[in-house]
Every structure is written in structure tokens, then in C-alpha cells.
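Coordinate inspection notes
Listed below, chain by chain, are the residues.
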Amino acid sequence: MFYKKIITAVSAVLISSLMFAQSPKLSDADIAHIGVTANQIDIDYAAIAQKKSSNSEVVDFAKLMTKDHSAVIDQAVALVTRLGVTPTDNDVSKSLMEGAKAKQKEFSKLKGSGFDKAYLENEVAYHKAVLETLKTTLIPSAKNSDLKEFLQALVAPFEGHLQHAEMALQKIK
Amino acid sequence: MRTIDVSGSHQILFRLKTLSIMYLIRTILHIFNGIHIPLLKDCRPAPINVQVMVLKRSKWIIAALLISVGALGVSCTNTTPDEKLTKVEVIKTQTDQDIRGPKSDQSPEKHVVTIKDMKYNPAQTRAQIGDTILFTNKDLVPHNIADSLTKEWLSPQLNFGDEWSMIVTKSLHFYCAYHPNMEGDIQVELPLSAQKSN
């Protein structure tokens, strides 16, 4: 119950930090940095899960997150290189990293089934937040058509991750 | 008994046609109106080398003449029986294509399945044994093709832009081993020739 409250609170902070992206005007360089940061955060979560969990459902999901989000970062780097855009750190990216550090600290205190559940619950909340931000802020703000197309192409895989996380969570409950 | 002398095959054919028409008219008048016309009265040819039997009034002769008229009629057309058969076959082939699409029994076809937005598109591919299925990954995340029955991977990992092809050997239900919600089918169908023989 205690963990659930923490997860809810952290998720709320994370979502609000992502929603913050709606207010400032974001450049393509900002958007590129936010995109790479958001993917890297989920890779870092997955690394922790692969170390701490012995549940095959959780480990397999974590491996998939590492594989998919690494591929997205590779493609993002290739795109910004081709476009000549240099990702620039910004308030949204900083807020995302701060929320991720808090979450990692929380994970370090958990183990066993408690960790498995917390990890998957966070994956559900995180992907929901990222999808919302993609659809309502990042995609509408992107000026370059290739960048906009790239962001649009992220929606289906992230929706797939969300469904996968929800199913995995059901299995371990 | 009367005799008719003619020379050359053209004259024979001409006289046969004339006689046939005469007999037809005469028979019709005789049957329906009771009018009797004397046979061969006004079509006597000039005497020359070849002798032909005189035609007597008989239903068998009439039947034979009717057949000969039919044969002459057929011989006057320009289309050979073989040509007619060929035309029928072409029409039948076009009908099959209309129903099943432009398939060929002879050469293997290539079918393209594009992976995009976490889906195989098309999800169902109808193919014949020996056809090629080309998978192209246009998703940002990696995918693969695995056999749903054996759970074995059929393809290597396909990153963005990667392509992989396979030859169809059987019907197959496949999925992505990374994202199990992604599924597709290859349905083997018999070639046209096999369908016809069945």
C-alpha cells in the first residue's frame, strides 16, 4: 500500500513534468533532446529490472524495453545528424531526469515481487505519460516534417509497450 | 434415268448447292402447301466429261443434300475450329483472373509484407508454393518472424529498413517473437491447373 502511494506520487510528478512541455515553445532541438532522454530513462529502468528481478516475465519485458528504446535512440541520432539538429538540454529534459532519479532510488529499496510489481506499474504509468506528451505536445510542436514523422512513428510501438506492460502486470499479480 | 455432266470441282460444288436449295424449297412447298415441283427440271447442265448419278426423289437424298449444304456453309467461313477453341480458352482464362487476381501457374510470384505501426501489412497473404514473401521492417523498433506452431524464429532480427525473404513451402501462421500481439498468415492456395483438375 505504501509503495503504491509512492508510485502514484512519483507518476504524478513525472506526468506533470512531461505535461510541462505543453507550456513553453519547444524547438526541434528541444524535442530531439526530450525524445532521447525519455527513451534513455526507460533503458535505465530496464537495466535495474534485469539486475534485480528473477521473474522471467519481468526480465523478458525489460530486455524488450532495452532493445526497442535503444533502437529508437539510434534512429533518433541518425535523424538529427542528417537534419543537422543538435539536441539541446532543456527544462523538460531536466525535469524528466530528476523524476527518473527519484524512481531509481525507490527501486533500489525494493526486491522480489515487490520490485517486479513496482517496475511494471511504473512502466504502465511511464508509457501512458510519454504517449500523452507525444500526442499533445511533441508532435504538434515539431516543425521539421521528418522529425514530426519520426515522432508519429513512435506512437504505435509505445502503445504496444503499454499493452505489453499491462499484460505482464496482470500475469505477476 | 438422267445424267449430268460437269467438269471441275467448282462446277460440282456449284451444282450441289443449286440442287440443295431446289430440294429444300421443293420439300417445304410439298409438305406445307401440297405443291409438287418436278425434279431437276431447269438446272440441267451442259454435257461434259464427268458423269454424276441422277438424283432421285427420296427422303434419304434430301437428308444427304441438307448435310452437304451444311458442310458447304461451314466451309465458307474463315474461322478454323482450332481458332475458335483458342478464343474460348482465352475468355476462360480472363474469367479466372477476374475472380482470383493476376495469378500465374507458371512463374513464382513475389509478395511484399510491410511491417509498420506494429503490424504486418497485409496480415494475410495468399500465395502458392514456391512464391517468395519479402518482409520489410519500416518500424523504428526491431521485429522478426517466428512460426506460431513451433515457436522457432524463421527470420533474424529485422531492424528499421531491414528486409528478409522466404520461399513459401506451406501455410504458416507467424508472429513477432518480440511483440507477440503482432500476427500474420500465409495461406497456400492450389495453382489454377490443380483447381481445375479437382
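What you see is a predicted model, and the numbers here were worked out from it, not measured in a lab.

About the thresholds
Position numbers for residues count from 1 along each chain, tracking the sequence in the order it is written. As a convention, the first chain written is A and the first ligand written is 1, with the rest following in written order. Given that the model is predicted, a residue must reach a pLDDT of at least 70 before its local features are reported, and side-chain atom pairs must reach 80 or more before they are shown or counted; all residues, however, enter totals for whole chains, interfaces and linings. Hydrogens and water molecules were not included; the side-chain quantities draw on all heavy atoms of the structure. When accessible area is computed with a 1.4 Å probe and restricted to protein chains, residues below 20% of their type maximum are described as buried, those above 50% as exposed, and intermediate ones as partly exposed. Secondary structure follows DSSP: runs of H or I at least 4 residues long count as helices, runs of E at least 2 residues long count as strands, and numbering of each begins at the N terminus. Two strands qualify as a pair provided DSSP detects at least 2 bridges between them. The criterion used for residue contact is that any of the two residues' heavy atoms lie within 4.5 Å. By buried area we mean the combined loss of accessible area, with a 1.4 Å probe, across both parts when two parts are placed together. In the sections that follow, a salt bridge refers to a side-chain nitrogen of Lys or Arg positioned within 4 Å of a carboxyl oxygen of Asp or Glu. Under this definition, polar contacts are N or O atom pairs within 3.5 Å; protein pairs additionally need one hydrogen-donor-capable and one acceptor-capable atom, and for neighbouring residues in sequence, both atoms have to be side-chain atoms. Basically, the charged four are Asp, Glu, Lys and Arg, the nonpolar ten are Ala, Val, Leu, Ile, Met, Phe, Trp, Tyr, Cys and Pro, and anything else, Gly included, counts as polar. Axis angles are defined between N-to-C directions and span 0 to 180 degrees, where every axis is a line fitted to C-alpha atoms and, for a helix, only to the segment in contact. Small angles under 35 degrees read as roughly parallel and large ones over 145 as roughly antiparallel, with 65 to 115 read as roughly perpendicular and the rest as oblique.

The next subject is the pairing of strand E6 (residues 132-137) of chain B. Residues and elements named next belong to chain B. Most of E6 is tucked away: 6 of the 6 residues are buried. Residues Thr 132, Leu 134 and Thr 136 of E6 are buried on one face, and the alternating residues Ile 133, Phe 135 and Asn 137, pointing to the opposite face, are buried as well. Pairing of E6 with strand E8 (residues 163-167) involves 5 bridges; the strand directions are antiparallel. In the sheet register, Thr 136 faces E8, and the bridge partner there is Glu 163.

With 12 residues of chain B at the interface, the matching set in chain A holds 16 residues. Buried surface at the junction of chain B and chain A, both sides included, amounts to about 1,100 Å², of which 68% is carbon and sulfur. Between chain B and chain A we count 0 salt bridges in total. Between the two partners, chain B and chain A, sit 2 residue pairs in polar contact (both at pLDDT 80 or more). Of the residues contributing to the side of chain B that touches chain A, the split by class is 7 nonpolar, 3 polar and 2 charged.

Residue and element names in this part refer to chain B. Spatially, the 4 strands line up as an open sheet ordered E4-E3-E6-E8, and their pairing is mixed. Strands at the two margins of the open sheet, each flanked by one partner only, are strand E4 (119-121) and E8. Averaged over all pairs of adjacent strands, the angle between strand axes in this sheet comes to 25°, irrespective of strand direction. The pairing of strand E3 (residues 110-116) with E6 spans 6 bridges and is parallel. Bridged to Val 112 within E6 is Leu 134.

All names here are of chain B. With respect to the helices and strands, the residue Trp 153 is situated in the loop between strand E7 (146-147) and E8. Placed 23 residues apart in sequence, Trp 153 and Cys 176 show a C-alpha to C-alpha distance of 8.8 Å. Beyond its immediate stretch of four places on either side in the chain, Trp 153 contacts Asn 144, Ile 145, Ala 146, Ala 177 and Tyr 178.

Attention now goes to the packing of helix H2 (residues 28-52) of chain A against helix H4 (residues 91-108) of chain A. All names here are of chain A. H4 packs onto H2 with a crossing angle of 5° between their chain directions and a minimal axis gap of 9 Å. By the criterion of interaxial angle, the relationship of H2 to H4 is roughly parallel. Counting all contacts with H2, which are made through His 33, Ile 34, Thr 37, Ile 41, Asp 44, Tyr 45, Ile 48 and Lys 52, the residues of H4 involved are Val 92, Ser 93, Leu 96, Met 97, Gly 99, Ala 100, Lys 103, Gln 104, Phe 107 and Ser 108. Of the residues that constitute the contact of H2 with H4, the class distribution is 9 nonpolar, 6 polar and 3 charged.

Read these as spatial facts, not as claims about activity.
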